[in-house]
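Coordinates in review
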Amino acid sequence: MITETLNELPLVSADLRAKILSAPRTTEAHRDLFEQTDAMHFVQTGGEASGDVLPSPLTIAAWNVERCLFPKETADKLGTEGADIVLLSEVDHGMARTAQRHTTEAVAEHLGMAYIYAVEFFELGLGSPTEREFCEDTENARGWHGNAILSAVPFNRVALVRLDDHGHWFSTEFGADPGQPRIGGRMALLAEVETENGPICVVSTHLESNSNEAHRAAQFDILMDAIDDFAPDLPAVIGGDLNTGNHMPPDFDWQSETLFENARNRGYHWDGTAEGMTTRPSLITRHPDRTMKLDWFACRGLTAQAPRIVSSMNGEVPLSDHDLIVMECISE
């Protein structure tokens with residue numbers, strides 16, 4: 001568990017970048033390079049909170065923003081929903097495809113919120129062919145891609161938890177894409193925030209898409225263990241893209257993923273997640289072969305109410321290939 005914070009994440013040197021590009025695509029090499037990538041070992045903090053204590057009930061939103069091509073429009077939709085806490089995944093920082101912006105910072109500034117951000121992947125390439133269409137630059141200024149939490153009140157404590165370090169998107173033994181070299185792996189951000197009913201723990205996570213349900217269940221177990229260490233006595237809510245049903249047979253029932261029952265056995269419930277699919281075609285993901293239910297809230301010690309799925313369409317433009325999920329909750 002990483003708790004050290006910085007206002008700016010350290011850049012990757014040209015020498016380290018060259019080492020990454022020339023290294024053998026093995027788990028051992030990835031772990032060595034990962035340790036040398038300083039930005040992987042810190043939580044970035046920024047923004048300004050607009051209040052001191054969150055109301056009860058409070059409104060929590062979770063959204064995979066698919067790189068965040070449109071920070072202002074993304075913030076506008078979150079603001080319309082009245083989100084007090086925002087759990088984001090797939091947010092870029094210094095990527096050519098999103099105009100080199102710190103997209104988390106831009107969304108937080110529009111909403112008047114504090115934020116924490118951490119790197120899921122250091123991207124050495126410009127992305128997929130459709131992502132390259134959005135690039136005006138030939139290189140990434142930073143190459144960060146990760147998760148974030150935005151809050152209307154200051155954070156009491158924060159932490160970063162790594163869910164794997166074996167190089168699932170780097171090592172050839174896991175089928176890594178050689179055209180998109182990257183260092184890193186799935187992770188979660190944890191934060192304690194103050195509410196009228198006392199502090200709660202809020203968690204933004206993104207589980208593995210390129211694997212099976214057993215892999216995701218193991219990642220979710222690691223996350224629940226981390227929450228027990230970070231906030232053993234606090235109400236908690238986990239929100240994010242759990243990639244349920246990915247890389248499973250067509251007739252697989254996503255509701256049978258092991259992580260659901262594992263979470264129930266440890267005192268979590270899924271009442272904060274509205275029924276319905278949460279993916280759609282987007283400017284980047286243009287021709288998905290199916291719609292899926294990937295986005296979830298898991299709650300412990302909280303009563304969830306008014307769960308909803310909010311379309312990511314902004315007029316005729318999809319802001320993401322995921323719709324926004326929202327709920328209200330009260331500490332029990």
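Summary of the structure given here.

Basis of the calculations
- Residues numbered from 1 in each chain as written.
- Predicted model: local features only at pLDDT ≥ 70, side-chain atom pairs only at ≥ 80, totals over all residues.
- Heavy atoms only, no water.
- Core = buried A, V, L, I, M, F, W, Y, C linked by side-chain atoms within 4.5 Å.
- Buried < 20%, exposed > 50% of the residue type's maximum accessible area, 1.4 Å probe, protein only.
- Helix = DSSP H or I, 4+ residues; strand = E, 2+ residues; numbered from the N terminus.
- Contact = heavy atoms within 4.5 Å.
- Polar contact = N/O pair within 3.5 Å; in protein donor to acceptor, adjacent residues only side chain to side chain.
- Axes fitted to C-alpha atoms, helices over the stretch in contact; angles between N-to-C directions.
- Parallel < 35°, antiparallel > 145°, perpendicular 65-115°, else oblique.
- Left-handed = near helix turned anticlockwise from the far one by under 90°.
- Nonpolar A, V, L, I, M, F, W, Y, C, P; charged D, E, K, R; others polar.
- Phe/Tyr/Trp six-rings, centres within 6.5 Å; stacked < 30°, edge-to-face > 60°.
- Lys NZ or Arg CZ within 6 Å of the ring centre and 35° of its normal.

1. A closer look at the nonpolar core
Within the largest apolar cluster, 69 residues are counted, with the highest numbers of intra-cluster contacts made by I60, I85, I149, L150 and V202. The element best represented in this core is strand β5 (residues 114-123), accounting for seven residues. When neighbours within four sequence positions are excluded, I60 is seen to be in contact with I85, L87, V202, V237, F297, I325, V326, M327 and C329. Formed by 27 residues, the second largest nonpolar core is a distinct cluster that contains V161, A188, L190 and L234.

2. Concerning the environment of R157
If you trace the backbone, R157 turns up in strand β7 (residues 155-162). Put simply, R157 and M313 are 156 residues apart on the chain and 34 Å apart in space, counted from C-alpha to C-alpha. Sequence-distant contacts of R157, defined by excluding residues within four places in its chain, comprise L190, A191, E192, F230, A231 and L234. Within the structure, the side chain of R157 is placed 2.9 Å from the side chain of E192, a separation counted as a polar contact. From its side chain, R157 meets the backbone oxygen of F230 in a polar contact 2.9 Å long.

3. Observations regarding the side chain of R97
Topologically, R97 is positioned in the loop between β4 (85-93) and α4 (103-111). According to the relative accessible area criterion, R97 is buried, its value standing at 5%. Reaching out from R97, the side chain makes a polar contact with the side chain of E131 at a distance of 3.2 Å. The contact partners of R97, leaving out residues within four places of it in the chain, are R67, L69, D92, E123, L126, G127, E131, F134, C135 and H145.

4. Points about the packing of helix α3 (residues 71-80) against α4
The packing of two helices is summarised by the inter-axis angle and the distance between the axes. The contact between α3 and α4 brings their axes to 9 Å, and the two run at 45°. Viewed along their axes, α3 and α4 adopt a mutual orientation that is oblique. Where α3 crosses over α4, the two elements pack in a sense that is right-handed. Listed contacts from α4 to P71, K72, T74, A75, L78 and G79 of α3 are T103, A106, V107, H110 and L111. Its residues assigned to classes, the contact of α3 with α4 comprises six nonpolar, four polar and one charged.

5. Some remarks on the packing of aromatic side chains
Inspection of the entire model under this criterion finds six aromatic pairs. Ring geometry for F260 versus W270: centroids 4.8 Å apart, planes at 65°, classification edge-to-face. Linking F260 in helix α7 (residues 258-265) with W270 in the loop between α7 and β12 (295-300), this pair joins segments that are ten residues apart in sequence. As far as burial versus exposure is concerned, F260 and W270 are alike and both buried. On the basis of an interplanar angle of 70° and a centroid distance of 4.7 Å, the ring pair of F260 and W296 is categorised as edge-to-face. Taken together, the residues span a long stretch of sequence, with F260 in helix α7 and W296 in strand β12 at a distance of 36 residues. By the burial criterion, F260 is buried, and W296 matches it. When the ring centre of F230 is taken as origin, the NZ or CZ atom of R157, which lies over that ring, is 4.1 Å away. The cationic tip of R182 hangs over the ring face of F121; the distance from NZ or CZ to the ring centre is 4.7 Å.

Geometry only, nothing functional implied.
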